[in-house]
Amino acid sequence: MVLGVIGCGKMGSALVTGAVRSGVIKPEAVYGMDTIPAAVSHFTAETGAHACDSLVQLAAACDTFLLATKPQDVGPVLKDLAQALQSKPALVISIAAGLKISTLESYLPENVRVIRTMPNTPALVGQGASAFSPGSRATAADSVATSALLSSVGLALEVKESLLDAVTGLSGSGPAYGFLMIEALSDAGVRCGLPRAEATQLAAQTLLGAATMVLQTGMHPGALKDMVTSPGGTTIAGLAALEKNGLRFALIDAVTCATERSIELSNPS
Ligand SMILES: NC(=O)c1ccc[n+]([C@@H]2O[C@H](COP(=O)([O-])OP(=O)(O)OC[C@H]3O[C@@H](n4cnc5c(N)ncnc54)[C@H](O)[C@@H]3O)[C@@H](O)[C@H]2O)c1
C-alpha cells in the first residue's frame, strides 16, 4: 500500500503516526497533501512521510487515500481526485463525519473503492475506538487494510453502515461524556477535601482502570461491579446514589439523543 493523506490535520497526522509507529506502514510509503503548507511540514516532520504539492502528484504516487479533510471540504477534493485518478484502481478511506458511502461513491469512478470510517478523538493518543463500513466496491483486502490502519491507534470494528450513527452517538461523542464524568468526579473529590490536581488524576485513572479491566478480562461490567461491592460497604452506598440520580438512564439517553442528531445531520431536509 502507498498511502496518500488528503488533509494533514489532527486526525490524518494521528492515524499516520500510529500506523508508522506500529509498523503497519513505512513512512516512505506515505505521502501527505494539504492546502496549508505548514500542516504538511508538521505532518512530514512528525511522521517521516513525503510531502506532495498537489492532488495530481498525490494521485500519481499512491494507491490508497486517507480522506481527512473536514466534511464540508470533501466535495471539491473528491471531484479533483476522480479526475486525477481517471481509470487507476484505488481505495479511498474516508474519516469525514456524517458523509455516506453513497455520497462518497457518487463523486468517484467505478475503479475507486470506498471505505467509510468513524474514528474518535482518543485516536490522537493511541486509544481510539473506531468503526468502519466497506462501500459497495470495496474488497475483503480493503477491510483488512483499513482495520490495520485504525487498529494502530486503538480499537477498530467493522459494522454495517446503518450502524454508524449509533457508533457516532456512542464512541464518536463518547469521549465528551467521559470528560464530563471525570470533571464531575474531580469536583466530588474536591468537595470531599482532595486537592484539585490529585482529584482529577484519581478520577481519570479510575475510569481508565475500570475500562481496562472490562477490555482485558472480557467479563460483564455488572459482574466486575459486583466483585467490588461488599455488603453494607462504601461502594454500594455510592452506587445507590448513582441509581437514585438516574446516571444509568442519563447515559442511555445521551447516546440515543446523539445518535438521533447524527441521523438528522446526515439527512438534511
Ligand atoms: N478530530 C476528531 O476527533 C475527529 C473524530 C472523528 C472524525 N473526524 C473527522 O476527521 C476529519 C478531519 O478532522 P480533523 O480534526 O483532523 O481536522 P483538521 O482541521 O485538524 O484537519 C483537516 C485538514 O484538512 C486540510 N484541508 C482542507 N481543505 C483541503 C483540501 N482541499 N485539500 C487538502 N487538505 C485540505 C486543512 O487545511 C486541515 O489541515 C473531519 O472530517 C472530521 O469529521 C475527526
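Going along each chain's sequence as written, the residues are numbered from 1 onward. In keeping with the model being predicted, local features are shown solely for residues with a pLDDT of at least 70 and side-chain atom pairs are shown and tallied solely at 80 or more, while totals for entire chains, interfaces and linings include all residues. The side-chain quantities take in all heavy atoms of the structure and omit both hydrogens and water.

Chemist: Could you clarify how one ought to interpret the overall build of the chain in this entry?
Modeler: When its secondary structure is counted, the chain shows 12 helices and 8 strands. Summarising its shape, the C-alpha atoms of the chain cover approximately 70 × 40 × 30 Å along the three principal directions. Two residues form a contact once any of their heavy atoms are found within 4.5 Å. For the chain, long-range pairs separated by at least 24 residues make up 64% of all intrachain contacts whose partners lie at least 6 apart in sequence. As displayed, the chain offers around 14,600 Å² of accessible surface, 62% of which is attributable to carbon and sulfur atoms. Starting at the N terminus, helices and strands are each numbered in turn, a helix being any DSSP run of H or I of at least four residues and a strand any DSSP run of E of at least two. Here the open area of atoms and residues is found with the Shrake-Rupley method and a 1.4 Å probe, where only the protein chains shown may cover a residue.

Chemist: Help me understand a nonpolar patch on the surface, please; the structure alone is not making it clear to me.
Modeler: Taken together, the side chains of Met219, Met227 and Val228 present a nonpolar region at the surface, about 290 Å² in accessible area. Relative to the helices and strands, Met219 is located in the loop between α9 (196-217) and α10 (221-227). Patches were defined on residues exceeding 30% relative accessible area and lacking a salt bridge, with like-charge contacts within 9 Å and nonpolar side-chain contacts (Val, Leu, Ile, Met, Phe, Trp, Tyr) within 5 Å. One side-chain nitrogen of Lys or Arg within 4 Å of one carboxyl oxygen of Asp or Glu is enough to make a salt bridge.

Chemist: What should I look at first to understand the site of the ligand in this one?
Modeler: Near, as used in this document, describes a residue that has one of its heavy atoms within 4 Å of the molecule or strand being considered. Neighbouring the ligand are 22 residues; Lys10, Met11, Asp34, Thr69 and Thr121 lie closest to it. In the analysis that follows, any N or O atom pair within 3.5 Å is treated as a polar contact, provided that within protein one partner can donate a hydrogen and the other can accept it, and provided that, for residues neighboring in sequence, both atoms belong to side chains. The separation between an oxygen atom of the ligand and a polar main-chain atom of Lys10 is 2.9 Å. A distance of 2.7 Å is found between an oxygen atom of the ligand and a backbone nitrogen or oxygen belonging to Met11. Protein burial of the ligand: of its 830 Å² of free accessible surface, 82% is covered by the chains. Points on a 1 Å grid, built from protein atoms alone, make a cavity when a 1.4 Å probe fits but cannot get out and make a pocket when they are open with protein on both sides within 12 Å along at least 5 of 7 lines; residues with an atom within 4 Å of a point are the lining residues. Throughout, a molecule is located in a cavity or pocket provided that more than half of its atoms lie within 2 Å of its grid points. The pocket occupied by the ligand, as judged from atoms lying within 2 Å of grid points, is the second largest pocket.

Chemist: Is there a simple way to think about the layout of surface pockets in this case?
Modeler: Summary: where empty space remains is shown by rolling a probe the size of a single water molecule over the atoms. Of the volumes computed, that of the second largest pocket is approximately 760 Å³. Together, 28 residues line the second largest pocket, and Met11, Ala68, Thr69, Lys70 and Pro71 are the ones closest to its centre. Secondary-structure elements contributing two or more residues to the lining of the second largest pocket are α1 (10-21) and α4 (74-85). Residue composition of the lining of the second largest pocket, by class: 16 nonpolar, 7 polar and 5 charged. Grid points are joined across faces, edges and corners, and a volume is the space filled by probe spheres set on the points. Each residue receives one of three labels: charged for Asp, Glu, Lys and Arg, nonpolar for Ala, Val, Leu, Ile, Met, Phe, Trp, Tyr, Cys and Pro, and polar for the others, Gly being one of them.

Chemist: Would you take a moment to explain the nonpolar core for this structure?
Modeler: The nonpolar side chains of a soluble globular protein tend to be buried, and buried together. Counting 24 residues, the largest nonpolar core has Leu3, Val5, Val30, Phe43 and Leu66 as the members making the most contacts within it. Breaking this core down by element, the ones donating at least two residues are β1 (3-6), α1, β5 (90-94) and α6 (140-151). One finds Ile6, Leu55, Ala96 and Leu108 within the second-largest nonpolar core, a separate group that totals 23 residues. What is meant by a nonpolar core is a set of buried Ala, Val, Leu, Ile, Met, Phe, Trp, Tyr and Cys residues, joined one to another through side-chain atoms within 4.5 Å. Three labels apply to residues, based on accessible area from a 1.4 Å probe with only protein chains included: buried if under 20% of the type maximum, exposed if over 50%, partly exposed otherwise in between.

Chemist: What should I look at first to understand the environment of Thr17 in this one?
Modeler: Mapped onto the fold, Thr17 is located in helix α1. According to the relative accessible area criterion, Thr17 is buried, its value standing at 11%. C-alpha of Thr17 to C-alpha of Thr47: the two residues are 30 residues apart in sequence and 5.4 Å apart in space. Residue contacts for Thr17: discarding those within four places in its chain leaves Glu46 and Thr47.

Chemist: Is there a simple way to think about the domain arrangement of the chain in this case?
Modeler: For interface size, the figure often reported is the accessible area lost on association. Segment limits for the domains were obtained from an automatic or database-derived domain assignment. In terms of domains, the chain is made up of domain 1 (3-161) and domain 2 (172-266). Once you take the C-alpha centre of each, domain 1 and domain 2 turn out to be 33 Å apart.

Chemist: How should I be thinking about the sheet that holds β5 in this particular structure?
Modeler: In sheet architecture, strand pairing relies on hydrogen bonds along the backbone and comes in two forms, parallel and antiparallel. Taken in spatial order, the 8 strands make up an open sheet running β3-β2-β1-β4-β5-β6-β7-β8, and their pairing is mixed. If you trace the sheet from one side to the other, it starts and ends with β3 (50-51) and β8 (154-158), each paired once. Those strands touched by α1 are β1, β2 (30-33) and β4 (64-67), and its axis lies near 155° from that of β1. Axis angles are defined between N-to-C directions and span 0 to 180 degrees, where every axis is a line fitted to C-alpha atoms and, for a helix, only to the segment in contact. Contacts between helix α2 (residues 37-47) and the sheet are confined to β1, β2 and β3, with β2 contributing the most and set at about 160° to the helix. DSSP calls a pair of strands paired once it identifies at least 2 bridges connecting them.

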